[in-house]
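Architecture at a glance
Here is how the chains run, residue by residue.
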Amino acid sequence: MSQSHKTAWITGASSGIGEALAKAFVGGGGHAILSGRNVAELQRVADETGAPERCLVLPFDTVDYDGLADKVSKAIAFQGSVDVLVNNAGISQRSPAVDTDLSVYQRIVDVDLLAPIALTQALLSHMVSRRTGHIVMISSVAGKAGIPMRTAYCASKHGLIGYADALRSEVAGQGVKVLVVAPGSVKTNVSRNALNADGSVRGMSDAAIENGIDPHEVASRIWDAVATGKREIVIAEGMEASIPVLRAQDPEKLFDLVEAMVADGYALKISAQ
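Below is a short write-up of the structure. (Residues numbered from 1 in each chain as written. Predicted model: local features only at pLDDT ≥ 70, side-chain atom pairs only at ≥ 80, totals over all residues. Heavy atoms only, no water.)

Now for the sheet that holds strand β5 (residues 133–138). Taken in spatial order, the 7 strands line up as β3-β2-β1-β4-β5-β6-β7 in an open sheet, and their pairing is parallel. A strand with exactly one partner marks an edge of an open sheet, and here the two such strands are β3 (55–57) and β7 (232–235). Along the sheet, successive strands turn relative to each other by an average axial angle of 15°, direction set aside. In this structure, strand β1 (residues 7–11) lies alongside strand β4 (residues 84–87), joined through 3 bridges in parallel fashion. Across the sheet, residue isoleucine 10 finds its bridge partner in β4, namely valine 86. The sheet contacts of helix α1 (residues 16–27) involve β1, β2 (31–35), β3, β4 and β6 (176–183), and relative to β1 the element is tilted by about 170°. The sheet contacts of helix α7 (residues 215–227) involve β1, β4, β5, β6 and β7, and relative to β7 the element is tilted by about 165°. (Pairing = 2+ DSSP bridges. Helix = DSSP H or I, 4+ residues; strand = E, 2+ residues; numbered from the N terminus. Axes fitted to C-alpha atoms, helices over the stretch in contact; angles between N-to-C directions. Contact = heavy atoms within 4.5 Å.)

If you want it as structure tokens, here you go:
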């Protein structure tokens, strides 16, 4: 994909998939707006693109809804328009529902569902008025089917897909495209940053994540999907790749498989890692 003369706004750009997306987009000749909360890491990513002059470091907390209008104005002013919005920022969970405090659900739904909706809504009129634009929602395989120890995360990622699907139908005739991305395990800090049952940060990774897909490969496939106008892609391997297929074609079989995982001690294995 040629990104020349285009501007992408990427949230969660300080690491993982967001960092890889930013580097690939700038590497393709584009301009990138890098958002997140860690200013130093955002600046590092900008410097490592090799063209920091084509990057705008725009730090903010995605749940600071009152500040969104100001951030949108600054993002548009950077190059005169925002061509692609990538809602990538998010937080996961590793805890059984029976033990999980309601505050964890509130936090994850706020960050993973309401925040990307709020930012999209704040930028949507800009894209519609220009009759061009691309919105990318980073959901998850856990947004296609329920995964144990992630009830709040699954609820949020399912909701994000529902919003994106409905939005796509509304704006398709107005020049705006919507892509949903459902990754499986990707080698990022997602598990380390996940919340425990009491809302504390987990601080350690999972074996599946450590052996996951390289985020640069994920970024490449996402930009290819944007270039070709895909509406949804699953980026996963092995059993994870089959989860969305089973959910659609044979849900009873999937339910049996997931229940068997739990019966086999999945929760204990996750807690011990």
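Moving on, we come to the packing of helix α3 (residues 68–79) against helix α4 (residues 102–130). Running from N to C, α3 and α4 cross one another at 45°; their axes reach a closest spacing of 10 Å. In terms of axis orientation, α3 runs oblique to α4. Crossing of α3 against α4: the hand is right-handed. Note on element contacts: α4 touches α3 through Ala118, Leu119, Ala122, Leu123 and His126, opposite Leu68, Val72 and Ile76. Partitioning the contact of α3 with α4 into residue classes produces 7 nonpolar, 1 polar and no charged. (Parallel < 35°, antiparallel > 145°, perpendicular 65-115°, else oblique. Left-handed = near helix turned anticlockwise from the far one by under 90°. Nonpolar A, V, L, I, M, F, W, Y, C, P; charged D, E, K, R; others polar.)

In the structure shown here, the tally under the stated rule is 14 salt bridges. With its nearest N and O atoms 2.7 Å apart, the salt bridge here joins glutamate 19 to lysine 23. Linking glutamate 19 with lysine 23, this pair stays in helix α1, spanning 4 residues, or about one helical turn. Residue glutamate 19 is classed as buried on the basis of its relative accessible area, which comes to 12%. As a salt-bridge pair, lysine 74 and aspartate 70 come within 3.3 Å of each other at their nearest N and O atoms. A residue pair is termed a helical-turn pair when its members lie 3 or 4 positions apart in one helix, as lysine 74 and aspartate 70 do in helix α3 at 4 residues. The exposure class of aspartate 70 is partly exposed, given its relative accessible area of 39%. One continuous salt-bridge network, built from bridges that share partners, spans Glu19, Lys23, Glu41, Arg44 and Glu48. (Salt bridge = Lys/Arg side-chain N within 4 Å of Asp/Glu carboxyl O. Buried < 20%, exposed > 50% of the residue type's maximum accessible area, 1.4 Å probe, protein only.)

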